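These are the residues of each chain, in order.
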Amino acid sequence: MTTLLGRRTRALAAITVTAGLALVAGCSSDDSGGSGKTTVKGVHLAKAGRLTTCTHLPYPPFQSEIDGKVQGFDVSLIDLVARDLGVEQQILDTPFENFKTGAFLNSGQCDLAAAGMTITDERKKNVDFSDPYFEATQAVLVDKGSGIGSLADVKSKGRKLGAQAQTTGEDYVRGKGFDPISFESSDAVLNGLRTGQVQAVVIDYPVVQGWLKDKAFAEKFKVVDSLKTGEQYGFTVKKGNKALLDALNKALKQAKADGTYKKIYEKWIGPYDASVASPAAS
């Protein structure tokens, strides 16, 4: 159901729409004039027949390109919203900074953002968050030969720490007095650890879970600390877009009630934890 609408160059450049993307046939609309309008079931869409999602690739297991298609936990959940609206989800890959400012939502390039994004009061100033859909902790991952046994060891032993730029993980360690090396994406964080640029990284635990599924990786690296920061993930819409926010929350609530959320969780994250399925509303 999901297609990749655009790719970015690593800068806030214009995003080119991939040619030949098919619209969903027979898309319903509440506007008079048929399916060419951009309001569906009371939800105004940036493009007719499409629920356009901003994300930042790659960030497995939440979103990454697999066999030429963007897939993942967030993608599967937003597909449920698109299905309820009778449209197709399509994805724009954008800089992560966009999610803090809501720039692409405000400009009308995207309807919503889904990027494994933590709900924070600072971000709420610029965007409206859905109900939380995932509880997250930060993991400290190290090279087994580093001699590091905790986050505190990174500093005491003079080792280099890495984190993804503009993330709550980076904010957390900076708040603890660290000066981490910043990487643009989770893939870059992983590469930094593999190549010895850093000897430890702080990143969301589900991302580490995905990495550790690789036997060769698991033989070389290990988790030495779990940082419970109270983080909850949410999807975002432009401030005041209540119709789409309601559609998001309705789909999440239904998925949790009928077991769909559990199936999606087990497919992309791992063994199901019921406490993750019902985080307290923010």
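### Here's the deal with the packing of aromatic side chains
Tallied over the full model, the rule gives 16 aromatic pairs. Summarising the aromatic geometry, the rings of Phe-62 and Phe-134 are spaced 5.4 Å apart at their centres and angled 80 degrees between planes, so their arrangement reads as edge-to-face. Of this pair, Phe-62 sits in the loop between strand S4 (50-55) and strand S5 (64-66) while Phe-134 sits in strand S10 (residues 134-143), and the two are 72 residues apart along the sequence. With centroids separated by 5.9 Å and ring planes inclined at 65 degrees, the aromatic side chains of Phe-73 and Phe-134 adopt a geometry described as edge-to-face. Note that Phe-73 is positioned in helix H1 (residues 73-85) and Phe-134 in strand S10, a separation of 61 residues in sequence. Summarising the burial analysis for this pair, Phe-73 and Phe-134 share the class buried. By the ring-pair criterion, three or more aromatic residues cluster together here, those being Tyr-59, Phe-62, Phe-73, Tyr-133, Phe-134, Tyr-233, Phe-235, Tyr-261 and Tyr-265. Across the ring face of Phe-178, the terminal group of Lys-155 is positioned such that the distance to the ring centre comes to 4.6 Å.

### Some thoughts on the environment of Gln-138
Turning to its location among the elements, Gln-138 is positioned in strand S10. In this structure the C-alpha to C-alpha distance between Gln-138 and Thr-168, which are 30 residues apart in sequence, comes to 9.0 Å. When sequence neighbours within four positions are dropped, the list of residues in contact with Gln-138 reads Thr-168, Gly-169, Val-202, Ile-203, Asp-204, Tyr-205, Asp-225, Ser-226, Leu-227, Thr-229 and Glu-231. A distance of 3.0 Å separates polar atoms of two side chains, one belonging to Gln-138 and the other to Glu-231.

### What about the pairing of strand S13 (residues 200-204)?
Most of S13 is tucked away: 5 of the 5 residues are buried. The pairing of strand S11 (residues 161-164) with S13 spans 3 bridges and is classified as parallel. Pairing of Ala-163 across the sheet is with Val-202, part of S13.

### Some words on the nonpolar core
Formed by 48 residues in total, the largest nonpolar core has its most connected members in Leu-51, Phe-73, Leu-77, Phe-134 and Trp-211. Mapped by element, the contributors of at least two residues to this core are H1, S10, helix H7 (186-194), S13, helix H8 (205-211), strand S14 (221-233), helix H10 (242-258) and helix H11 (260-268). For Phe-73, the contacting residues outside a window of four places in its chain are Pro-61, Phe-62, Tyr-133, Phe-134, Tyr-261, Ile-264, Tyr-265, Trp-268 and Ile-269. Counting residues in hydrophobic clusters, the runner-up holds 13 residues, among them Phe-99, Leu-105, Ala-113 and Met-117.

### Some words on the sheet that holds S13
Read from one edge of the open sheet, 5 strands run S12-S11-S13-S10-S14, paired in mixed fashion. The open sheet terminates on both sides in strands that have one partner only, identified here as strand S12 (181-183) and S14. Shown here is a sheet whose adjacent strand axes are inclined to one another by a mean of 25 degrees, direction ignored.

### Describing unusual backbone geometry
Leu-57 connects to Pro-58 through a cis peptide bond whose omega is -10 degrees. In the segment running from Pro-60 into Pro-61, the intervening peptide bond is cis, with an omega of 5 degrees. For Pro-61, the position within the fold is in the loop between S4 and S5. Of note, Lys-41 is a non-glycine position whose phi angle comes to about 50 degrees, a positive value. Phi is positive for Asp-67, which is not a glycine, with a value near 55 degrees. Mapped onto the elements of the fold, Asp-67 is located in the loop between S5 and strand S6 (69-71). Residue Asp-67 is classed as exposed on the basis of its relative accessible area of 78%.

### Quick notes on the packing of H1 against H10
Two numbers describe how H1 lies on H10: the axes approach to 9 Å, and their chain directions differ by 115 degrees. Looking at the two axes, H1 sits roughly perpendicular to H10. Crossing geometry of H1 relative to H10 is assigned as right-handed. Residue-level contacts link Leu-77, Ile-78, Leu-80, Val-81 and Asp-84 of H1 to Ala-247, Leu-248, Ala-251, Leu-252 and Ala-255 of H10. Considered class by class, the residues forming the contact of H1 with H10 number 9 nonpolar, no polar and 1 charged.

### Description of the pattern of salt bridges
Throughout the structure, instances matching the rule amount to 7 salt bridges. Each of Glu-170, Arg-174 and Asp-179 takes part in salt bridges that share partners, so that together they form one network.

### Here's the deal with H1
Over its 13 residues, H1 runs 19 Å from end to end, which matches the ideal 18 Å to within 8%, given 1.5 Å per residue. Of all 13 residues in H1, 11 are buried; the element is thus mostly enclosed. Directly beyond the C-terminal end of H1, a positive phi value near 75 degrees is found at Gly-86.

Parameters and conventions
- Each chain carries its own residue numbering, running from 1 in the direction its sequence is written.
- With pLDDT at 70 or above as the cut-off, local features in this predicted model cover only qualifying residues; side-chain atom pairs require 80 or more to be listed or tallied, and sums for whole chains, interfaces and linings still use all residues.
- No hydrogens and no water enter the side-chain calculation; it runs on all heavy atoms of the structure.
- Here the aromatic set is Phe, Tyr and Trp, taking the six-membered ring for Trp, and pairing holds for ring centres within 6.5 Å; pairs whose planes are under 30 degrees apart are stacked, those over 60 apart are edge-to-face, and all others are tilted.
- Secondary structure counts use DSSP, requiring at least four H or I residues in a row for a helix and at least two E residues in a row for a strand, with both numbered from the N terminus.
- Note on classification: 1.4 Å probe, protein chains only; a residue is buried when its accessible area is under 20% of the maximum for its type, exposed when over 50%, partly exposed between these limits.
- Working rule: Lys NZ or Arg CZ, within 6 Å of ring centre, within 35 degrees of ring normal, means a charge sits over the ring.
- Contacts are residue-level and defined by heavy atoms, with any inter-residue pair within 4.5 Å sufficient.
- Pairs of N or O atoms are called polar contacts if they sit within 3.5 Å, as long as, within protein, a hydrogen donor faces a hydrogen acceptor (for residues adjacent in sequence, only side-chain-to-side-chain pairs).
- Strand pairing is assigned whenever DSSP identifies at least 2 bridges connecting the two strands.
- Among buried residues, those of type Ala, Val, Leu, Ile, Met, Phe, Trp, Tyr and Cys that are joined through side-chain atoms within 4.5 Å constitute a nonpolar core.
- To get an axis, fit a line to the C-alpha atoms, keeping to the stretch in contact for a helix; angles then go from 0 to 180 degrees between the N-to-C directions.
- An angle counts as roughly parallel when it lies under 35 degrees, as roughly antiparallel when it exceeds 145, as roughly perpendicular when it falls between 65 and 115, and as oblique in every other case.
- Crossing chirality is assigned from the near helix's rotation relative to the far helix, an anticlockwise turn below a right angle marking it left-handed and a clockwise turn marking it right-handed.
- Charged means Asp, Glu, Lys or Arg here, nonpolar means Ala, Val, Leu, Ile, Met, Phe, Trp, Tyr, Cys or Pro, and polar covers whatever is left, Gly included.
- Between Lys or Arg on one side and Asp or Glu on the other, a salt bridge is scored when a side-chain nitrogen of the former is within 4 Å of a carboxyl oxygen of the latter.
- Helix span, as expected, comes to 1.5 Å for every residue beyond the first.

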